[in-house]
Amino acid sequence: MRWASSFGPGSFATAGQDSSPSSTNLAEKLARVWRGETGEAELDRYDRQRRQINTEYVQTMTIQNKRTIEERDPEVRRRRHDEMRRTAEDPGRARAYLLQTWMIESVRKAARIP
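Throughout this document, residue positions are counted from 1 along each chain, in the order its sequence is written. With the structure being a predicted model, the display of local features is reserved for residues of pLDDT at least 70 and the display and counting of side-chain atom pairs for 80 or more, all residues being used for whole-chain, interface and lining totals. Heavy atoms from the whole structure form the basis of all side-chain values; hydrogens and water molecules are not counted.

Enquirer: Give me a nonpolar patch on the surface: which residues, what numbers.
Expert: A patch consists of residues whose relative accessible area exceeds 30% and which take part in no salt bridge; residues with like charges are grouped when within 9 Å of each other, and nonpolar side chains (Val, Leu, Ile, Met, Phe, Trp, Tyr) when within 5 Å. All accessibility values rest on the Shrake-Rupley procedure with a 1.4 Å probe; residue burial counts only the protein chains present in the view. Definition used for salt bridges: Asp or Glu carboxyl oxygen within 4 Å of a side-chain nitrogen of Lys or Arg. Judged by side-chain polarity, Tyr-97, Leu-98, Trp-102 and Ile-104 come together as a nonpolar surface patch covering roughly 370 Å² of accessible area. Residue position: Trp-102 is located in the loop between helix 4 (91–101) and helix 5 (104–111). Only protein chains enter the calculation, and the probe is 1.4 Å; a residue is then buried if its accessible area is under 20% of its type maximum, exposed if over 50%, and partly exposed in between. Using a relative accessible area of 55% as the deciding quantity, one classes Trp-102 as exposed. Counting from the N terminus, the helices are DSSP H or I runs at least four residues long and the strands are E runs at least two residues long.

Shown next as structure tokens:
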């Protein structure tokens, strides 16, 4: 079964980012299978969700962090800091930022994967 690969080394914390959302998703699916509410295909779904969402998230964050770290232009760095300040000061923007960085939005996206 494909889902068995989800239990290998590093499976619950891709780049240290997804341990809680991924573990919660897996626990919910395991409970449904254990109670007989669904078949083992649900675990294949977990594997599809985890791989797609984690790959997208880790790639996006890695590229973004690399660009931030490597930026040497003081003006570009100042604009980035100003943008972060505006995000922190605006409750709507701050919420959207937290949903993304805490992977809450990824959990919602994973739920839409068949």
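Still to come is the rest of the account.
Enquirer: Quick rundown of the pattern of salt bridges? Include the residues and the values.
Expert: Within this structure, the stated rule accounts for 13 salt bridges. Here Glu-42 and Lys-29 are joined by a salt bridge, their closest N and O atoms 3.8 Å apart. In this pair, Glu-42 sits in helix 2 (residues 41–70) while Lys-29 sits in helix 1 (residues 19–34), placing the two residues 13 residues apart along the sequence. Residues Glu-42 and Lys-29 agree in their burial class; the two are buried. A salt bridge links Arg-86 to Glu-83; the nearest nitrogen and oxygen atoms lie 2.8 Å apart. In this pair, Arg-86 and Glu-83 both sit in helix 3 (residues 74–89), three residues apart, roughly one turn of the helix. Using a relative accessible area of 40% as the deciding quantity, one classes Arg-86 as partly exposed. Among the residues examined, Glu-83 registers a relative accessible area of 29% and is labelled partly exposed. What you see here is one network of salt bridges that share partners, running through Glu-75, Arg-78, Arg-79, Asp-82 and Arg-85.

Enquirer: Mind laying out the packing of helix 3 against helix 4, listing which residues take part and the relevant values?
Expert: Two numbers describe how helix 3 lies on helix 4: the axes approach to 5 Å, and their chain directions differ by 105°. In terms of axis orientation, helix 3 runs roughly perpendicular to helix 4. Taken together, the residues of helix 4 that come into contact with helix 3 (itself represented by Glu-83, Met-84, Arg-86, Thr-87, Ala-88 and Glu-89) are Pro-91, Arg-93, Ala-94 and Tyr-97. Fitted lines through C-alpha atoms serve as axes, helices being fitted only where they are in contact, and the angles separating the N-to-C directions of these axes extend from 0 to 180 degrees. Here the word oblique covers every angle except those under 35 degrees (roughly parallel), over 145 (roughly antiparallel) and from 65 to 115 (roughly perpendicular). We call two residues in contact whenever any of their non-hydrogen atoms come within 4.5 Å of each other.

By themselves, these observations are geometric and do not establish any function.
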